[in-house]
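Reading the structure
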Amino acid sequence: MSKLKNNLKKGKYITVPIKLTATDHLEIKAKINGVKGVFILDTGASNTCVGFDKQTHFKLTSKASKIKAAGAGAIGMETHISSKNRIKIGKWKNKKIKIILFDLTHVNQALEAHNVTQVDGIIGADILKQTKAIIDYDKKRIYLSTRKIKNRF
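The written sequence of each chain sets the order in which its residues are numbered from 1. For a predicted model such as this one, the threshold for reporting local features is a pLDDT of at least 70, and the threshold for listing and counting side-chain atom pairs is 80 or more; totals across whole chains, interfaces and linings nevertheless cover every residue. The side-chain numbers reported here are obtained from all heavy atoms of the structure, hydrogens and water having been left aside.

In this section: the environment of I81. Strands are runs of DSSP state E lasting at least two residues, helices are runs of H or I lasting at least four, and both sets are numbered from the N terminus onward. With respect to the helices, strands and loops of the structure, I81 is situated in strand β7 (residues 74-89). Relative accessible area decides the class of each residue, using a 1.4 Å probe on protein chains only: under 20% of the type maximum gives buried, over 50% gives exposed, and in between gives partly exposed. Overall, the relative accessible area of 18% leaves I81 in the buried class. A sequence separation of 18 residues divides I81 from I99, and the C-alpha atoms of the two residues are 5.9 Å apart.

Let's shift gears to the side chain of N85. Inspection of the secondary structure puts N85 in strand β7. Looking at N85, its side chain comes within polar contact range of the side chain of N33, at 3.0 Å. It only takes one pair of heavy atoms within 4.5 Å for two residues to be counted as in contact. When sequence neighbours within four positions are dropped, the list of residues in contact with N85 reads N33, L60, N94, K95, K96, I97 and I99. Identification of polar contacts relies on pairs of N or O atoms within 3.5 Å, with a donor-acceptor requirement for protein atoms, meaning one able to donate a hydrogen and the other able to accept it, and with residues adjacent in sequence counted only if both atoms are side-chain atoms.

Here we come to the pattern of salt bridges. Counted as salt bridges are all cases of a side-chain nitrogen of Lys or Arg within 4 Å of a carboxyl oxygen of Asp or Glu. Under the definition given, this model contains 2 salt bridges. Linking E27 and K19 is a salt bridge whose minimum nitrogen-to-oxygen distance equals 4.0 Å. Residues K54 and D120 are paired through a salt bridge, measuring 3.3 Å at the closest nitrogen-oxygen approach. On the criterion of sequence distance, the pair formed by K54 in the loop between β5 (49-51) and β6 (63-71) and D120 in the loop between α2 (105-113) and β9 (121-123) is long-range, its members being 66 residues apart. Overall, the relative accessible area of 22% leaves K54 in the partly exposed class.

Our next topic: the nonpolar core. Working definition of a nonpolar core: buried Ala, Val, Leu, Ile, Met, Phe, Trp, Tyr and Cys residues. They are joined through side-chain atoms within 4.5 Å. Counting 24 residues, the largest nonpolar core has I28, I89 and I123 as its most contacted members. For this core, the secondary structure elements donating two or more residues are β1 (13-17), β3 (26-32), β4 (35-41), β7, β8 (92-102), α3 (125-130) and β11 (141-145). Listed in part, the 12 residues of the second largest apolar core include C49, V107, V116 and I122.

A patch consists of residues whose relative accessible area exceeds 30% and which take part in no salt bridge; residues with like charges are grouped when within 9 Å of each other, and nonpolar side chains (Val, Leu, Ile, Met, Phe, Trp, Tyr) when within 5 Å. Accessible surface area values rest on a Shrake-Rupley calculation with a 1.4 Å probe, where residue burial reflects the displayed protein chains alone. In this charge count, Lys and Arg are treated as positive and Asp and Glu as negative; neither His nor the chain ends contribute. Throughout, a charge is located at the NZ atom of Lys, the CZ atom of Arg, the CG atom of Asp or the CD atom of Glu. There is a patch of like positive charges on the surface, built from K29, K31, K36, K59, R86, K88, K91, K93 and K95. Put simply, the parts of the chain that give the positive patch at least two residues each are β3, β7 and β8. You can see K36 is positioned in strand β4.

Written out as structure tokens, the structure reads:
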């Protein structure tokens, strides 16, 4: 058995399909608070995010934040924070995820300009780190560890 296969088995990894879009973004399906959505998988995004326009759709309650968002050519964007949300990606789930809300209009406009389906949000490095994610670009899948990580603080 290969090293990777052994590590995936030991780490209790599950497999989730991903889609490579025409814009070379990785697209993944997930549920937030029991509601299905389509997200960009973004290793460069520090947090998982949802567009302001999807707050009600995903049953998010939020409060304004002093933190400003930046990315994809936009800077200084207002944000809100929503705490204690449930997220499910494949068979992996977490009941206490923090989600950042901000205006994703510029992202969806860029996708639309390339005839790519709009997204509801972004799955960021917070979840990728927590799940010790391994992305397989060739097979178009992501491996997420379901093993509980002990809090070191």
